[in-house]
Amino acid sequence: MNILVIGGGAREHALCHALSREADVSALHCAPGNAGITEVATVHPVDATDGAAVAALAAEVGAELVVVGPEAPLVAGVADAVRAAGVPVFGPSAEAARLEGSKAFAKEVMAAAGVPTARSYVCTTAEEVDEALAAFGPPFVVKDDGLAAGKGVVVTEDAAAARAHAAACERVVIEEFLDGPEVSLFAVTDGETVVPLRPAQDFKRALDGDAGPNTGGMGAYSPLPWADPKLVDEVLATVLEPTVAEMRRRGTPFSGLLYAGLAITSRGVRVIEFNARFGDPETQVVLARLRSPLSVLLHAAATGTLADLEPLVWSEDAAVTVVVASEGYPAAPRTGDPIEGLAEIAAEDGPESYVLHAGTRRDEDGRVLSAGGRVLSVTATGADLGEARQRAYRSVERIRLAGSHYRTDIAAKAAESA
């Protein structure tokens, strides 16, 4: 199979890393890619949100499957353009991607499908915001209705900070705070059949102990030793399948990756949010544990044949990802700094530990430079979370990037409880 992956972050590097190791993948392309992806795929320049350009590139390289990674191209209708060109594509239509593109729309779908979620108000004026904040009380949860690259949510005890975030958005969803640990669960669907993957947990705050500002995610781990063994089956029955059925009922079937962000509350499982694509950094740890061929799974979803697929096979090993971020992230990330130590990791720590690039590029001399806020995802596997953590942090310590920072407590509590 000849595959084209759209995107240039660590999620896309994780996808390419997995696909490049499969015998059935005869050619692998990525656009626009990054410095790390060039090692496992042929990269091409493209505007990832330009459906016509992506469809033309797919035809040019002879792609038999296009995998759209990020949310912005999906919301922009890139998957629609590729489908219209007759190429199988993994990723929902623009209409279906509204599950991520509009939190208000997602709430509407959940209500119709009977999916458990937080009580909420959609607000467009300062008066409505004040009423909603007063109704729920602190801690306040204020979400930008649209896409915000994983940084559109503010959870705060400070009413002024909550109002300021709301004022910066055209429309916001204000909802009740959900107690309990969070879980990320991915499901691959062709619009009819829903195949859940393994759950993971990510770390949104920038600093140890869940302090500091919200980010796109500073690390993740899988499996979750503290989670109920029946959690996946419960979420499949109460969240994922009803949502896919409701989207189908509306005439806008959802095909691709449905990501449920969940809170395990004292009153049961509640949906925090839906995403319409693989999450970053959870993808890095989930794919590290997948033993079935990813290419076959994604192609089955794209061609409506998931019901015929053999059950997925998973490694019993644990996986941990630690994100190395640039100086100033998330507020004002610095870019253009050289990154050293990558060759040492490849030579001394593999294959159990490896680096997936997020925000990187190469200069004229071939050096790898930082090119974003989240720069690298160091991913490691081990017999348990303790071993995976040890390997991941050993590799992280080899990386030399001026001013960079990372959390030191990814999966620490889970490893102790395992």
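Here the structure is a predicted model, which means the values were calculated and not measured. The numbering scheme is per chain: residues are counted from 1 as the chain's sequence reads. pLDDT decides what is reported in this predicted model: residues at 70 or higher carry local features, side-chain atom pairs at 80 or more are listed and counted, and totals for whole chains, interfaces and linings draw on all residues regardless. Only heavy atoms go into the side-chain values, all of them from the structure, while hydrogens and water stay out.

Let us look at unusual backbone geometry. Of note, the bond from Asp280 into Pro281 is cis; its omega dihedral lies within 30 degrees of zero at 25 degrees. In this text, helices come from DSSP runs of H or I with a minimum length of four residues, and strands from runs of E with a minimum of two, each type numbered from the N-terminal end. By the secondary structure assignment, Pro281 is in the loop between strand E17 (268-275) and helix H10 (282-289). Residue Pro330 is bonded to the preceding Tyr329 through a cis peptide linkage, with omega at 10 degrees. When you line up the elements, Pro330 lands in the loop between strand E18 (318-325) and helix H12 (342-348). Despite not being glycine, Asp210 has its phi angle at roughly 55 degrees, a positive value.

Glancing now at the environment of Ser326. Relative to the assigned elements, Ser326 resides in the loop between E18 and H12. We call a residue buried when its accessible area falls under 20% of the maximum for its residue type, exposed when it is over 50%, and partly exposed in between, using a 1.4 Å probe and counting protein chains only. Since its relative accessible area comes to 2%, Ser326 is described here as buried. Spatially, the C-alpha atom of Ser326 lies 20 Å from that of Glu282, the residues being 44 residues apart in sequence. Residue contacts follow a heavy-atom distance rule, with two residues in contact if any of their heavy atoms lie within 4.5 Å. With sequence-adjacent residues up to four places away left out, Ser326 is seen in contact with Pro333, Arg334, Gly372, Gly373, Val375, Gly403, Ser404 and His405.

Another point: the packing of aromatic side chains. Note on aromatic pairs: the rings of Phe, Tyr and Trp (six-membered ring only in Trp) are paired at centre separations within 6.5 Å, and the planes decide the class, stacked below 30 degrees, edge-to-face beyond 60, tilted for the rest. If you walk through the whole model with that rule in mind, you get six aromatic pairs. A ring is considered to have a charge above it if a Lys NZ or an Arg CZ atom is located within 6 Å of its centre and within 35 degrees of its normal. Over the ring of Phe105 we find Arg98; its NZ or CZ atom is 4.1 Å from the centre of that ring.

Before going further, it helps to spend a moment on the pattern of salt bridges. Note on definitions: salt bridges are taken to be side-chain nitrogens of Lys or Arg within 4 Å of carboxyl oxygens of Asp or Glu. Following the criterion strictly, the structure yields 28 salt bridges and no others. For Glu39, the salt bridge identified is with Arg362, shortest N-O distance 3.2 Å. Taken together, the residues Glu39 in the loop between strand E2 (27-32) and strand E3 (42-43) and Arg362 in strand E20 (residues 360-362) connect sequence positions 323 residues apart. Of the residues examined, Glu39 reaches a relative accessible area of 60% and is grouped as exposed. Looking at Arg362, the relative accessible area reads 36%, which means it is partly exposed. Of the charged contacts, one joins Asp202 and Lys204 as a salt bridge, the two residues approaching to 3.1 Å between their closest N and O atoms. One continuous salt-bridge network, built from bridges that share partners, spans Arg11, Glu12, Glu71, Glu100 and Arg277.

Turning to helix H1 (residues 10-20), a few remarks are in order. For H1, the buried fraction is high: 10 of the 11 residues fall into the buried class. Turning to H1, its buried residues number three or more, namely Ala10, Arg11, Glu12, His13, Ala14, Leu15, Cys16, His17, Ala18 and Leu19.

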